[in-house]
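Given next are the chains, with one letter for each unit.
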Amino acid sequence: VRAQFEALGIPTIDADTLARDTVAAGSEGLSAVVSRFGVGILDSSGALDRHALAKIIFADRAARRDLEHIIHPRVRHAIDAWFASIDPERHPIAVADIPLLYETGRESDFDVVIVTACNAETQVRRVVARDGMTEPEARHRLAAQRPIDDKTRRADFVIRTDGLLEDTNRRVAEVLEQLKAS
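Residues numbered from 1 in each chain as written. Predicted model: local features only at pLDDT ≥ 70, side-chain atom pairs only at ≥ 80, totals over all residues. Heavy atoms only, no water.

Caption draft 1: Layout of the overall build of the protein. If you tally the helices and strands in the protein, you get nine helices and four strands. Along the chain direction, N to C, the helices and strands of the protein fall in the order α-β-α-α-α-α-β-β-α-α-α-β-α. In summary, the protein has a C-alpha radius of gyration of 17 Å against a globular reference of 16 Å for 182 residues, a match within 12%. Among the 182 residues that make up the protein, the fraction classed as buried is 33%. Long-range pairs, those at least 24 residues apart, make up 61% of the contacts in the protein with a sequence separation of at least 6. (Helix = DSSP H or I, 4+ residues; strand = E, 2+ residues; numbered from the N terminus. Rg over C-alpha atoms; globule rule 2.2 N^0.38 Å. Buried < 20%, exposed > 50% of the residue type's maximum accessible area, 1.4 Å probe, protein only. Contact = heavy atoms within 4.5 Å.)

The following block contains the structure:
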């Protein structure tokens, strides 16, 4: 959905990409994560071993909160700086893709919230394929997030993604037209 908005000429930013950049090798963010979780979360090249870190944070809620306190402020700052750099005359609409928007309490920071949603089985299948994890790991990770039904109830717009790509793209175009009209 983010890529489709971008294809339609809307500036976009991806919080997941920013989060990965935050803990890139040699970064201040990675140093903070290593200080909290130890060198065991690094691979042999000194980069973050995401699988090792995931085992820790999805088994321990306090550890996950500690990681969020390191990562989320950096991502928030980057998104805020990005929005501040956009010329509103040239780009009256811009999209920040923030999967944990509600979990981080940022929904009131935006004029409009669009939630993408699919059925639970599709979501699990996509996480397994994208992240190379097992089905139980994917279910456990998704259970750590706010339920999608709650997110869709709170959203201004919902874009379903469990149908054909053409249907999703058509809905993106409809939402964009509604945003331009408001």
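Next comes the rest of the write-up.
Caption draft 2: Seen up close, the packing of helix 2 (residues 15–22) against helix 5 (residues 61–85). Axis separation between helix 2 and helix 5 bottoms out at 9 Å; the angle between their running directions is 120°. One finds that helix 2 runs oblique with respect to helix 5. The interaxial crossing formed by helix 2 with helix 5 has right-handed handedness. From helix 2, Ala15, Leu18, Ala19 and Thr22 reach across to helix 5, where they touch Ile71, Arg74, Val75, Ala78 and Ile79. (Axes fitted to C-alpha atoms, helices over the stretch in contact; angles between N-to-C directions. Parallel < 35°, antiparallel > 145°, perpendicular 65-115°, else oblique. Left-handed = near helix turned anticlockwise from the far one by under 90°.)

Caption draft 3: Structural detail: the nonpolar core. Ranked by size, the top nonpolar core spans 29 residues in total, and within it Val33, Phe37 and Leu53 carry the most contacts. At the level of elements, helix 2, helix 3 (28–37), helix 4 (50–57) and helix 5 are the ones that each hand at least two residues to this core. Counting residues in each nonpolar core, the second largest holds 10 residues, with Ile93, Ile159, Val175 and Leu179 among its members. (Core = buried A, V, L, I, M, F, W, Y, C linked by side-chain atoms within 4.5 Å.)

Caption draft 4: Region of interest: the pairing of strand 4 (residues 157–160). Of the two faces of strand 4, the one lined by Phe157 and Ile159 is fully buried and the one lined by Val158 and Arg160 carries no buried residue. Alignment of strand 3 (residues 114–117) against strand 4, held across four bridges, turns out to be parallel. Its bridge partner being in strand 4, Thr116 is matched across the sheet by Ile159. (Pairing = 2+ DSSP bridges.)

Caption draft 5: View of the packing of helix 6 (residues 120–131) against helix 7 (residues 135–143). The interhelical angle for the contact between helix 6 and helix 7, taken along N-to-C directions, is 115°, at an axis separation of 9 Å. As summarised for this structure, helix 6 and helix 7 are arranged roughly perpendicular, according to the angle between their axes. Along this stretch, helix 6 crosses helix 7, giving a crossing that reads as right-handed. The residues of helix 7 that touch helix 6, namely those facing Glu121, Gln123, Val124, Val127, Val128 and Asp131, are Glu135, Ala138, Arg139, Arg141 and Leu142. A class-by-class count of the residues in the contact of helix 6 with helix 7 yields five nonpolar, one polar and five charged. (Nonpolar A, V, L, I, M, F, W, Y, C, P; charged D, E, K, R; others polar.)

Caption draft 6: Region of interest: the packing of aromatic side chains. According to the stated counting rule, one finds two aromatic pairs in the structure shown. Here Trp82 and Phe83 contribute two aromatic rings whose centre-to-centre distance is 4.8 Å and whose plane-to-plane angle is 70°, an arrangement assigned as edge-to-face. Take Phe83: its relative accessible area is 27%, and that puts it in the partly exposed class. Within the aromatic cluster, the residues linked to one another by ring pairs are Trp82, Phe83 and Phe110. It is Arg36 that lies over the ring of Phe37; its NZ or CZ is 4.3 Å from the centre. (Phe/Tyr/Trp six-rings, centres within 6.5 Å; stacked < 30°, edge-to-face > 60°. Lys NZ or Arg CZ within 6 Å of the ring centre and 35° of its normal.)

Caption draft 7: Broad picture of the side chain of Thr12. For Thr12, the location among the structural elements is in strand 1 (residues 12–14). Of the polar contacts made by the side chain of Thr12, one reaches the side chain of Arg2; its length is 2.9 Å. Not counting residues within four places of it along the chain, the set of residues in contact with Thr12 comprises Arg2, Phe5, Glu6, Trp82 and Val95. (Polar contact = N/O pair within 3.5 Å; in protein donor to acceptor, adjacent residues only side chain to side chain.)

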